[in-house]
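Structural overview
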Amino acid sequence: RRNAKKISAPLSDNNNHHHAPRPPLKMTDHALLEGEGLRATVDGRTVYVGNPRLFARLFGPVPPPTSAAVAHWEASTGGTVGYVGVTGVGRVAAYCAADSVRDDAKAAVDALAALGVEVHLLTGDA
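Residues numbered from 1 in each chain as written. Predicted model: local features only at pLDDT ≥ 70, side-chain atom pairs only at ≥ 80, totals over all residues. Heavy atoms only, no water.

What to know about the pattern of salt bridges
Within this structure, the stated rule accounts for 3 salt bridges. Ionic pairing is found between R102 and D104, a salt bridge with its closest N-O pair at 3.2 Å. Residue classification places R102 among the exposed residues on the basis of a relative accessible area of 60%. You can call D104 partly exposed: its relative accessible area is 40%. Measuring nitrogen to oxygen at the nearest pair gives 2.9 Å for the salt bridge that ties K106 to D110. Remark: D110 and K106 occur in helix α4 (residues 105-114); sequence separation between them is 4 residues, near one turn of the helix. We classify K106 as exposed; its relative accessible area is 58%. (Salt bridge = Lys/Arg side-chain N within 4 Å of Asp/Glu carboxyl O. Buried < 20%, exposed > 50% of the residue type's maximum accessible area, 1.4 Å probe, protein only. Helix = DSSP H or I, 4+ residues; strand = E, 2+ residues; numbered from the N terminus.)

Below is the structure:
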């Protein structure tokens, strides 16, 4: 816990002036890639954010160290894995987005059911 605090301190310290401020990135176009993610031109470079299918098509197989981390994320969180990549560079990041059920969800669903409301769970998962 103490180490995490040390690592995050520069990120939250408004008085940290070790790095010059960065100008905002300029996005000139973007497109939804149906069922795969999105593409945008950012500061003149083509950037992709999307699912493993998109990145296998664009950049080939996932390198072993990354695939091991991704497998761990999927197994431990049940989340959705995605990647960020740049044309001419390749994959530059992997991420896992996961939601958890709120503690009060069951009570809310039970209360709605008691009122005669039919409850259905909708997710963004495929």
